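Residue-level listing of the chains:
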Amino acid sequence: MAKSDVECQASRRVMTTAAAFTASIICSKIPGLTPAQQKMCQDRPDLIVAIGDGARMGIAECQKQFRYKRWNCTAIGSSYVFGHVVVIVRYEKIYAHVKICPTRRGHDLGNSVQNETWFKRTNSVENKQRSGRPRTFSEREEMQIVRQVHINPRTSAVKLTLKCKSRFRKSVNSETVRNVLRKLEYHGRVSRRKSYISKANRKARLAFAKMYIKQPTEFWQNVIFVDESKYNFFGLDGKKKVWRTPNTALHIKKLRPTVKYGGCNQLVWGCMASYGVGNLNFIDGTMNKYVYLDILKRNLKQSASKLGISRHFKLCQDNDPKHTDDICKLWVLYHCPGVISPESRP
């Protein structure tokens, strides 16, 4: 039993000596360690592993925090994250690292080796002029141009050029301003056509939506919507485009047929509710407030009775001048159980 204890202690001493010898070799090959740091490395090899893990975690966090900056803790052309490590201190290397790194434009801390090579070749730390034509506007000036476009998208490149001349004291061509905007994904396009809605009209529409948005389904089941529309018997009022190759404009498939006097159309008044559609009334000639009042007298109550909502129906119409005339409003007031006011619905 005593013999086995002695053998175990001897093997432990051998293993401890081997581990210490291995740690001594590894720690002596790590560059840049002071004698106190080498002694700590030899005494606690596992501590160096923990320090390495902490350094990697710190580098990852640094790259995350500086991911949108010029330098984001990455090494370029070097295995060290924070640039070239100076082990042998000489005047030239100190001068290169202290003077060149902060002043060389376009190089970050990871390019210190390239900076040192640049100093040895040129014996200077001054910024040399770049080859090629220098940029006209700085990044800040380009952002100010884009801000002007945000404020007024309809402003022209010529007006932006004049503003640049007065603000930046730079006389440039309007095409230069266009190139700046194109580089930032701004392109001149024809604006889309849309019906004009005034500010007061937008407010009225929003108020109408807020007023009726929480109404239950039963409320809308008793609403009759009325309006009139024009229908063409032949052709269209707008433009019609076709695909064609050169010299085929008169081919029969690529023509738009017309008739004398522009064809024929019909103006129609109609109404509908959630239960179905009501009467359809054809209008001959011009429609005015008297024609519209006659249509309401002959069709509105009859359509409500047909749809089964004659006792509780509500009339909803737009703000056409014929609909909002006094004689029509007065008749609706006395003959309709409920009205969705045209003033609140533009």
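Our structure is the block above this text.
Below or above, wherever it landed, is the structure these notes cover. Keep in mind that what you see is a predicted model, and the values were worked out from it rather than measured.

About the cut-offs
- Residues numbered from 1 in each chain as written.
- Predicted model: local features only at pLDDT ≥ 70, side-chain atom pairs only at ≥ 80, totals over all residues.
- Heavy atoms only, no water.
- Helix = DSSP H or I, 4+ residues; strand = E, 2+ residues; numbered from the N terminus.
- Buried < 20%, exposed > 50% of the residue type's maximum accessible area, 1.4 Å probe, protein only.
- Contact = heavy atoms within 4.5 Å.
- Core = buried A, V, L, I, M, F, W, Y, C linked by side-chain atoms within 4.5 Å.
- Expected span 1.5 Å × (residues − 1).
- Bend = angle between axes of the 7 residues up to and from the residue.
- Polar contact = N/O pair within 3.5 Å; in protein donor to acceptor, adjacent residues only side chain to side chain.
- Salt bridge = Lys/Arg side-chain N within 4 Å of Asp/Glu carboxyl O.
- Phe/Tyr/Trp six-rings, centres within 6.5 Å; stacked < 30°, edge-to-face > 60°.

## Overview of the overall build of the protein chain
Here's step 1: Regarding its fold elements, the protein chain presents 12 helices and 5 strands.
Here's step 2: The proportion of buried residues among the 346 residues of the protein chain is 25%.
Here's step 3: In the protein chain, the share of contacts with a sequence separation of at least 24, taken over all contacts with a separation of at least 6, comes to 58%.

## A closer look at the nonpolar core
Here's step 1: Counting residues in each nonpolar core, the largest one holds 21 residues, and the members touching the most others are I224, V226, W269, Y292, L296, L300 and F313.
Here's step 2: Within the residue set of this core, elements represented by two or more residues are β1 (223-232), β2 (265-273), α11 (289-307) and α12 (326-335).
Here's step 3: In terms of residues, this core owes the most to one element, α11, which gives 7 residues.
Here's step 4: In contact with W269, not counting residues within four places along its chain, are V226, D227, E228, N279, L280, N281, I283, Y292, I295, L296 and N299.
Here's step 5: V146, V149, F168 and V172 belong to the second largest nonpolar core, which has 11 residues in total.

## Structural notes on α11
Here's step 1: Taking 1.5 Å per residue, 19 residues should reach 27 Å; α11 reaches 26 Å between its end C-alpha atoms and fits that length.
Here's step 2: The principal kink in α11, of about 35°, is found at L296.
Here's step 3: Among all positions of α11, only Y292, L293, I295, L296, N299, L300, S303, A304 and L307 are buried.
Here's step 4: On its buried face, α11 sits against β1, β2, β3 (276-283), β4 (314-316) and α12.
Here's step 5: Two or three places before Y290, at the start of α11, stands the capping residue N288, its side-chain oxygen 3.1 Å from that residue's backbone nitrogen.

## Here we look at the pattern of salt bridges
Here's step 1: Evaluation of the coordinates by the stated rule reveals 8 salt bridges.
Here's step 2: The shortest N-O distance in the salt bridge between D325 and K289 comes to 3.7 Å. Of this pair, D325 sits in the loop between β4 and α12 while K289 sits in helix α11, and the two are 36 residues apart along the sequence.
Here's step 3: Judged by relative accessible area, K289 falls into the partly exposed class, the value being 28%.

## A short note on the packing of aromatic side chains
Here's step 1: Applying the stated criterion across every chain yields a total of 5 aromatic pairs.
Here's step 2: Ring geometry for Y212 versus F219: centroids 5.9 Å apart, planes at 25°, classification stacked.
Here's step 3: Accessibility expressed as a relative area gives 13% for Y212, which makes it buried.
Here's step 4: For F219, a relative accessible area of 16% gives the class buried.
Here's step 5: Through a chain of ring-to-ring contacts, three or more aromatic side chains come together here, namely F208, Y212, F219 and W220.

So, to be careful, I would describe these as geometric facts and stop short of saying anything about function.
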